[in-house]
Amino acid sequence: MTSREKTENKGIKILIAEDSPTQAEQLRNLLEDQGYRVATAVNGRQALEAARKLQPTLIISDVVMPEMDGYELSRRVKADPSLGNIPIILVTTLSDPNDVIRGLECRADNFILKPYDEDYLLARVKFVLINREVRQTEQGNMGVEVFFNGQKHFITADRLQILNLLLSTYDAAIQRNKELNRSREELQLLNAKLEAANLAKDRFLATMSHELRTPMNAIIGFTGTLLMKLPGPLNAEQNKQLSTIQSSARHLLSLINDLLDLAKIEAGKVELKFETTDCKAVVEEVVTTLRPQAESKRLALQVTLPDQALTISADRRALSQIIINLANNAIKFTERGSVHLKVSPGEANGRRMVEFSVEDTGIGIRPEDQLKLFAAFTQVGQASRGREGTGLGLHLSQKLAELLGGKITFRSEYGKGSTFTLALKE
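Here the residue numbering is sequential within each chain, running from 1 through the sequence in written order. It should be noted that, the model being predicted, local features are given only for residues of pLDDT at least 70 and side-chain atom pairs only at 80 or more, the latter also being counted only at that level, while totals for whole chains, interfaces and linings use all residues. Heavy atoms throughout the structure, all of them, feed into the side-chain values; hydrogens and water do not.

Draft legend 1. Geometry of the sheet that holds strand 12 (residues 351–360). The criterion for strand pairing is that DSSP finds at least two bridges linking the strands in question. Helix numbering and strand numbering both begin at the N terminus, where a helix is a DSSP run of H or I of at least 4 residues and a strand a DSSP run of E of at least 2. With mixed pairing, the five strands of this open sheet are ordered in space as 9-11-12-14-13. The strands lining the two open edges of the sheet, one partner per strand, are strand 9 (300–304) and strand 13 (407–413). The sheet shows a mean angle of 20 degrees between the axes of neighbouring strands, direction not considered. Both strand 13 and strand 14 (residues 417–425) contribute to a ladder of seven bridges, which runs antiparallel. If you follow Ile408 over to strand 14, its bridge partner there is Leu422. Here a residue-residue contact requires only that any non-hydrogen atoms of the pair lie within 4.5 Å. What counts as an axis is a line fitted to C-alpha atoms, over the stretch in contact for a helix, and the angles between N-to-C directions run from 0 to 180 degrees. The sheet contacts of helix 9 (residues 279–296) involve strand 9, strand 11 (338–348) and strand 12, and relative to strand 9 the element is tilted by about 175 degrees.

Draft legend 2. Spatial organisation of unusual backbone geometry. Not every positive phi belongs to a glycine, and Arg107 is a case in point at roughly 65 degrees. Residue placement: Arg107 occurs in the loop between helix 5 (98–105) and strand 5 (110–113). Phi is positive for Lys229, which is not a glycine, with a value near 65 degrees. For Lys229, the position within the fold is in the loop between helix 7 (159–227) and helix 8 (236–266).

Draft legend 3. Spotlight on a nonpolar patch on the surface. Residues with no salt bridge and a relative accessible area higher than 30% make up the patches, which join like charges within 9 Å and nonpolar side chains (Val, Leu, Ile, Met, Phe, Trp, Tyr) within 5 Å. Using the Shrake-Rupley algorithm and a 1.4 Å probe, accessible areas are obtained, with residue cover drawn only from the displayed protein chains. Definition used for salt bridges: Asp or Glu carboxyl oxygen within 4 Å of a side-chain nitrogen of Lys or Arg. On the surface, a cluster of nonpolar side chains totalling about 270 Å² of accessible area is made up of Leu187, Leu190 and Leu194. Burial classification: accessible surface area is computed with a 1.4 Å probe over protein chains only, and a residue below 20% of its type maximum counts as buried, one above 50% as exposed, and the rest as partly exposed. We classify Leu187 as partly exposed; its relative accessible area is 47%.

Draft legend 4. Fine view of the environment of Ile220. Examined against the element boundaries, Ile220 turns out to sit in helix 7. With 25 residues separating them along the chain, Ile220 and Ile245 place their C-alpha atoms 8.1 Å apart. Aside from chain neighbours lying at most four places away, what touches Ile220 is Gln246, Ala249, Arg250 and Leu253.

Draft legend 5. Geometry of the side chain of Thr419. As for its placement among the helices and strands, Thr419 is situated in strand 14. Once you skip the residues sitting within four places of it in the chain, Thr419 turns out to touch Ser357, Val358, Glu359, Thr409, Phe410 and Arg411.

Draft legend 6. How the structure looks around the pattern of salt bridges. One pass over the full model with this rule turns up 12 salt bridges. When the shortest N-O distance is used, the salt bridge between Asp80 and Arg52 registers 3.3 Å. Of this pair, Asp80 sits in the loop between helix 4 (70–79) and strand 4 (88–92) while Arg52 sits in helix 3 (residues 44–54), placing them 28 residues apart in sequence. Across the pair Lys78 and Asp109 runs a salt bridge whose closest N-O atoms are separated by 2.9 Å. With Lys78 in helix 4 and Asp109 in the loop between helix 5 and strand 5, this residue pair connects regions lying 31 residues apart in the sequence. In the salt-bridge network here, residues are joined through shared partners; they are Glu25, Arg28 and Glu32.

Draft legend 7. Focus on the packing of aromatic side chains. Geometry of aromatic contacts follows a simple scheme: Phe, Tyr and Trp rings, the Trp one being its six-membered ring, pair when their centres are within 6.5 Å, and the pair is stacked under 30 degrees between planes, edge-to-face over 60, tilted otherwise. The final tally for this structure, using the stated rule, is two aromatic pairs. Chaining the aromatic ring pairs together yields one cluster made of Phe374, Phe410 and Phe420.

Draft legend 8. Local environment of the packing of helix 3 against helix 4. Between helix 3 and helix 4, the shortest axis-to-axis distance is 9 Å and the interhelical angle comes to 25 degrees. Classified by the angle their axes make, helix 3 and helix 4 are roughly parallel. Both helix 3 and helix 4 take part in a crossing whose hand is right-handed. When helix 3 is examined against helix 4, the residues Gly44, Ala47 and Leu48 are found in contact with a partner set consisting of Leu73, Arg76 and Val77. Every angle not falling under 35 degrees, over 145, or within 65 to 115 is termed oblique; those three ranges are roughly parallel, roughly antiparallel and roughly perpendicular. Definitions for this section: a left-handed crossing has its near helix turned counterclockwise from the far helix by less than a right angle. A right-handed crossing has that turn clockwise.

Draft legend 9. Fine view of the environment of Met208. Tracing the backbone through its elements, the reader meets Met208 in helix 7. A sequence separation of 52 residues divides Met208 from Leu260, and the C-alpha atoms of the two residues are 8.6 Å apart. Residues contacting Met208, with those up to four places away along its chain left out, are Arg213 and Leu260.

Draft legend 10. Structural detail: the sheet that holds strand 5. One open sheet accounts for five strands, arranged 2-1-3-4-5; its pairing is parallel. Taken across any chain shown, the strands that pair with only one partner, and hence form the sheet edges, are strand 2 (37–41) and strand 5. Going across the sheet, the axis of each strand differs from the next one's by a mean of 20 degrees, ignoring polarity. In terms of strand pairing, strand 1 (residues 13–17) meets strand 2 through five bridges, oriented parallel. Looking at the pairing, Ile16 lines up with Thr40 of strand 2.

Set out below in structure tokens:
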């Protein structure tokens, strides 16, 4: 802006009605930088009083304000013979189509959308000021009755006011559309980046699956060979160290497998194959797999199966993994007594269910730990210390249960044991 234009603007007084001190000060600085003289008011009532004293050239008002909003301020100004020729710009979100009708009813001259671009606002101010003289040459007001959204409205604004307000509304719609298009383009770009990141993650998971699992399996296999004394005898210290290596390798492999499974679930990459599954057969396989582990701790591994056949539509591998995780946890946290696996028919909300429960006589779960039991990387309580685990077993099991359309619940009494139950629709 030239110094001459700034000098010319010094004769123009602008009144700002804005209840936000920050926004009012920002707008004041913007207008004063253009050479305008500026006054502010914190609501419509104060703005009306200030307008009567200052006789401003232009009023810029927020719509939403306490005591008196921008629409009522405009209505009062236009109804006052001493103020009626002062143009009013309403600053609004224009989120409701009725805002246009309200603007016409209160005879506002222009709309500016929030949040506004500073250059756009200055252009609107200049436009309204230029058209001020043109509007003053119009003789008299026109009155017209219109119906909008099922309601009748009587508009008394003059022709130029109506034209300018509708043009500013159309201009605001164009600006909003441009913003939406920019947002859409940014969203498309972001989606493309996310897709590329997902592909990179998938490649990384595939690579890690192969590159990490292969050497870990080799370590476990070779230490097993050494522990079997096939290459030759071992002394006590060598046997102890090799056992530690094998145990650590198994723990690390378990962690790798759990992390990969969790990543696949959260990425929606798990492909389940639903088929008719014999529930009793799955539990019997789990018992056969885990019996040596239970016997090594001198625990009784019991199983109760119904007489009738029980089948459900499920992914057999996912179902087996859930039951193994639950039974493995029970064995791990039980020092004496038994672990009991049970399959039974049930019912929930009028629908037939099949329930898989694992009951133990272990340490149980403290009440304060029960809320975080299914959280990832969580091993609750003092008793978990010194026991191998990733803290992902129950979290993964609950995720898999949800994918199968079921849920895992539990009950536990500290010091007496726990029972975990997986319920699936029959």
